[in-house]
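# A closer look at the structure
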Amino acid sequence: MSEFRTINAADVAGQRLVVRADLNAPVQGGKVSDATRIQRFAAGIKPLLDEGARITVLSHFGRPKGERNKDFTIAPILPVLAEALGVSVRFADDCIGAAAVLASENLANGEIMLCENVRFHPGEEANDAGFAVELAKLGDIYVNDAFSAAHRAHASTAAITTLLPAFAGPLMAEEITALIAALEDPKRPAVAVVGGAKVSSKIAVLKNLVGKVDAVVVGGGMANTFMLADGHPIGKSLCEADQVPTVHEIRELAAKSGCKIILPVDVVCAFDFAPNAKNITTDLDGCPEDAMILDAGPKSVKVIADVFANSKTILWNGPMGAFEMEPFDMATIALAKVAAKLTKDGTLASIAGGGDTVAALNVAGAADDFTYVSTAGGAFLEWLEGKELPAIAALRLAAVN
Ligand code: AMP
């Protein structure tokens with residue numbers, strides 16, 4: 001597989017770069033509530049500005065569906081980006097057109113401008129060639145630094161790569177390097193933790209992972225469907241009976257490649273789907289008919305913690321239980337702490353991704369100690385599925401043309 005080119009700080013003095021970022025951070029009441037994505041982007045791009053690059057930033061923000069809509073203005077991101085960079089950031093209130101192009105041409109060395117939401121134009125999500133031509137007027141070099149948008153072939157992530165010399169940005173390069181190391185060439189034994197609500201949303205992930213890692217820990221609501229397939233009672237638990245054949249298929253694939261599937265050995269069953277609902281902890285044959293499994297139990301935590309202790313790499317997506325509600329966050333938090341400690345001790349490389357997973361790691365206070373926490377949700381999952389992400393394919397193609 002051919003490689004893509006990575007933008008190098010030393011090459012950029014005086015160059016006009018058009019940089020695709022993912023600044024789609026959560027905003028509540030007009031204020032950014034979690035600036036992680038913006039800060040990670042800023043940290044990578046700052047050295048390019050310090051070298052004298054002239055940078056125009058493109059990003060999507062929410063889903064305005066191809067129409068200008070003030071509810072989806074990217075303006076709330078502007079002050080947070082400026083603060084993260086420690087410089088002022090200009091603003092163009094459209095990402096195409098004469099005014100934006102002129103403003104990009106007028107940037108002095110080391111200056112940066114943010115353009116209004118690219119999704120205000122239908123050409124963006126349609127990967128429209130004509131719209132990409134307009135975007136390409138904003139720079140002489142294209143840089144894609146939006147790994148978390150790389151599973152979409154849009155004009156600002158795909159079509160534009162055929163119009164300008166195209167490079168991966170610092171955060172994109174960092175994400176890909178970390179994920180390749182974890183999935184394609186992991187230190188072994190490597191274990192994946194796949195949790196979350198449903199088997200059906202992660203079938204492709206499970207099928208791909210059982211061929212790549214030495215063990216897969218299945219947790220969360222997904223584990224209920226595995227337990228049902230194994231003949232255990234699961235009461236009123238969230239489960240997908242129609243996915244039982246898929247579970248058998250995944251088990252067969254795992255057996256063929258010598259990958260162990262690890263399920264909880266005890267479960268926390270609640271009589272209500274509510275915080276602090278009455279609950280009991282039992283082995284796998286003890287879930288009452290009128291209860292639902294909302295978490296793995298303490299014996300499971302011990303078993304899985306031992307697996308972590310005997311592993312060199314862990315790849316984590318999805319919570320082990322209904323972690324938004326106490327006390328059903330116990331297994332997720334306890335295991336996140338175990339993984340964080342082993343990482344700190346230097347025996348484990350820990351890689352996590354996906355919105356819920358990162359939120360759970362943050363609740364556990366474990367995110368900072370993980371080796372790598374991806375900023376991506378959908379793109380991270382598609383990577384785990386083994387798919388080539390279209391925006392990365394486009395960068396690779398651009399590098400050989
Ligand atoms: P996902 O988006 O597939 O990663 O699923 C995350 C969601 O799964 C979170 O909102 C969890 O609360 C939920 N979840 C995890 N385990 C369970 C469970 N045993 N029962 C119901 N919901 C669960």
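Our subject in this report is the structure included herewith. What you are looking at is a predicted structure, and each value in this text was computed from that prediction instead of being measured. (Residues numbered from 1 in each chain as written. Predicted model: local features only at pLDDT ≥ 70, side-chain atom pairs only at ≥ 80, totals over all residues. Heavy atoms only, no water.)

### So, the pairing of strand 15 (residues 313–317)
Every regular strand shows the same layout, with side chains that alternate between the two sheet faces. Selection criterion: Each residue gets one of three labels from its accessible area relative to the maximum for its type: buried under 20%, exposed over 50%, partly exposed in between, using a 1.4 Å probe on protein chains only. Secondary structure elements are defined from DSSP: runs of H or I of at least 4 residues count as helices, runs of E of at least 2 residues count as strands, and each element is numbered from the N terminus. Paired strands, in this sense, are two strands between which DSSP finds at least two bridges.
The buried fraction of strand 15 is high, at five of five residues. Neither face of strand 15 is left uncovered, since the one carrying Thr-313, Leu-315 and Asn-317 and the one carrying Ile-314 and Trp-316 both have all their residues buried. For strand 9 (residues 190–194) and strand 15, the ladder comprises five bridges, and the chain directions are parallel. Bridge pairing in strand 15 links Val-193 to Trp-316.

### Description of the pairing of strand 10 (residues 215–218)
So the rule is basically this: By convention, a crossover is right-handed whenever its connection, traced from the first strand over the helix to the second and viewed with the strands pointing away, goes clockwise.
The side-chain alternation of strand 10 yields two buried faces, one formed by Ala-215 and Val-217 and the other by Val-216 and Val-218. Bridge analysis of strand 9 against strand 10 gives four bridges, and the strand direction is parallel. Bridging from a neighbouring strand, Val-194 pairs with Val-218 of strand 10. Between the parallel elements strand 9 and strand 10, the chain passes through helix 7 (residues 203–210) in a crossover that is right-handed. Two elements, strand 10 and strand 11 (residues 260–262), share three bridges in a ladder whose sense is parallel. Bridging across to strand 11, Ala-215 finds its partner in Lys-260.

### Details of the site of the ligand
Going by this rule: Think of it this way: one heavy atom of a residue within 4 Å of a molecule or strand is enough to make that residue near it. The term polar contact refers here to a pair of N or O atoms within 3.5 Å; inside protein, the definition further demands a hydrogen-donor-capable atom paired with an acceptor-capable atom, and it admits residues adjacent in sequence only when both atoms are side-chain atoms. To be clear on the numbers: accessible area is Shrake-Rupley with a 1.4 Å probe, and residue cover counts the displayed protein chains and nothing else. Each residue gets one of three labels, nonpolar for Ala, Val, Leu, Ile, Met, Phe, Trp, Tyr, Cys and Pro, charged for Asp, Glu, Lys and Arg, and polar for the others, Gly among them.
Near the ligand you find 16 residues, and of these Ala-197, Lys-202, Gly-221, Ile-293 and Glu-324 are the closest. Separating an oxygen atom of the ligand from a backbone N or O atom of Ala-197 is a distance of 3.0 Å. One of the side-chain N or O atoms of Lys-202 is found 3.1 Å from an oxygen atom in the ligand. Out of a free accessible area of 500 Å², the ligand has 80% covered by protein chains. At the level of elements, helix 8 (220–229) and strand 14 (292–296) are the ones that each hand at least two residues to the shell around the ligand. For the shell around the ligand, a count of residues per class yields eight nonpolar, five polar and three charged.

### Looking at the packing of helix 1 (residues 36–50) against helix 6 (residues 170–183)
Keep this limit in mind: Between the N-to-C directions of two axes lies an angle of 0 to 180 degrees, each axis being a line fitted to C-alpha atoms and, for a helix, fitted only over the stretch in contact. Small angles under 35 degrees read as roughly parallel and large ones over 145 as roughly antiparallel, with 65 to 115 read as roughly perpendicular and the rest as oblique. Contacts were defined at the residue level, with two residues in contact if any of their heavy atoms lie within 4.5 Å.
In contact at an axis separation of 8 Å, helix 1 and helix 6 are set at 120 degrees when each is read in the N-to-C sense. The angle between helix 1 and helix 6 places the two elements in the oblique class. Residues Arg-40, Phe-41, Gly-44, Ile-45 and Leu-48 of helix 1 pack against Pro-170, Leu-171, Glu-174 and Glu-175 of helix 6. Here the contact of helix 1 with helix 6 is built from residues that sort into five nonpolar, one polar and three charged.

### Looking at the sheet that holds strand 12 (residues 266–270)
Pairing is antiparallel across the open sheet formed by three strands, whose spatial order is 13-12-14. Every interior strand has two partners, whereas the edge strands, strand 13 (279–283) and strand 14, have only one. Ignoring strand direction, the axes of neighbouring strands in this sheet form an average angle of 35 degrees. Each of strand 12, strand 13 and strand 14 is contacted by helix 10 (residues 298–309), which is oriented at about 145 degrees to strand 12, the strand it contacts most.

Honestly, that's just the spatial picture; any functional story needs more than this.
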